[in-house]
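# Understanding the architecture of this molecule
This is what each chain is made of:
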Amino acid sequence: MRMRLNAFLARAGVTSRRGADEMIKAGRVTVNDRLGHLNDQVSENDVVKLNNKQIRLRKSRNILLYKPTGYVTTLKDPQQRRKVIDLLDISERVVPVGRLDYDTTGALLLTNDGELANKLMHPRFKVDKVYEAVVKGIITKEVINKLNTGIELEDGRTAPAKAKMIAENKIELIIHEGRKHQVKRMLSAVGMKVIALHRSKYAGLDLSGLKPGQWRDLTEDEVIRLKRYTSK
């Protein structure tokens, strides 16, 4: 299968397509020992090099993890806290798609498919993230309506959420943005203090059959659905 040179680099996990374009324009990429160009079409049979080092397509690995509390989603942590990648006993290098806070639990996708990861995180594709928050405060219709119309935060107004009360002290919130601490900040803005936060679904993937700290590979059908999700 042939593909654009930037897609090849992204699929190899080197960078995003946009980052690949910059590398190609900077003259850092060669194809079969000639300078690469933005409109080049390549396949696995071509010799693609970045900074004179050959780049090979890797077998895609896509993992759904039930993140427990007490783990960070960064690959390096100056505070030497436990990392989610430490829970995976695999040889491939995968990276988290987005992040969950240290004290937040739930669905976390990890992949070595750079192109897929970047698309899932891009606001254009509006990937649904379903959160359940145990809160301190009174959940009223006014609170739900405010969340459903968008909340003014210090970094701008949020997109409308889909909020509903699921227990006296528990609220479900579906968002598709990925701002830092967004759910906690949105709930704080309507007078709710978050006691516990859990992401029950990500891009339609739920945690059925998994316990905190456990993970599984996505099925072929699930990967196909994710790619359809990001081809809208």
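Now for a description of the structure that goes with this document. (Residues numbered from 1 in each chain as written. Predicted model: local features only at pLDDT ≥ 70, side-chain atom pairs only at ≥ 80, totals over all residues. Heavy atoms only, no water.)

## Side note on the environment of R93
Among the secondary structure elements, R93 is positioned in the loop between β7 (62-67) and β8 (95-96). Remark: the alpha-carbon pair of R93 and E154, spanning 61 residues in sequence, is separated by 36 Å. (Helix = DSSP H or I, 4+ residues; strand = E, 2+ residues; numbered from the N terminus.)

## Observations regarding the side chain of T111
Along the polypeptide, T111 turns up in strand β9 (residues 104-111). Side-chain polar atoms of T111 contact the backbone oxygen of R61, separated by 3.3 Å. Sequence-distant contacts of T111, that is, excluding residues within four places in its chain, are made with R61, N62, V94, V95, V97 and A117. (Polar contact = N/O pair within 3.5 Å; in protein donor to acceptor, adjacent residues only side chain to side chain. Contact = heavy atoms within 4.5 Å.)

## A few points about the environment of K170
Tracing the backbone through its elements, the reader meets K170 in strand β14 (residues 170-175). Beyond its immediate chain neighbours, meaning those up to four positions away, K170 contacts E132, A133, V134, I139 and M165.

## Looking at helix α6 (residues 220-229)
Listed as buried for α6 are E222, V223, L226 and Y229. Along the long axis of α6, the arc covered by the buried residues comes to 115°, so they all point the same way. Exposed residues pointing more than 90 degrees away from the buried face of α6 are listed as E220, D221 and R228. Check the buried side of α6 and you find it contacts β7, β9, α3 (114-121), β16 (205-206) and β17 (215-217). (Buried < 20%, exposed > 50% of the residue type's maximum accessible area, 1.4 Å probe, protein only. Arc of directions from axis to C-beta.)

## Examining the layout of surface pockets
If you add up the space inside the largest pocket, you get close to 500 Å³. Contributing to the lining of the largest pocket are 30 residues, with G98, R99, K129, G178 and R179 lying nearest its centre. Looking at the lining of the largest pocket residue by residue, the classes come out as 13 nonpolar, 9 polar and 8 charged. Put simply, the second largest pocket is a space of about 250 Å³. Residue lining of the second largest pocket: S16, R17, R18, E115, N118, K119, H122, R124 and F125, and that is the complete set. Those elements that place two or more of their residues in the lining of the second largest pocket are α2 (17-25) and α3. (1 Å grid on protein atoms, 1.4 Å probe; cavity = no way out; pocket = protein on both sides within 12 Å on 5 of 7 lines; lining within 4 Å. Points joined across faces, edges and corners; volume = space filled by probe spheres on them. Nonpolar A, V, L, I, M, F, W, Y, C, P; charged D, E, K, R; others polar.)

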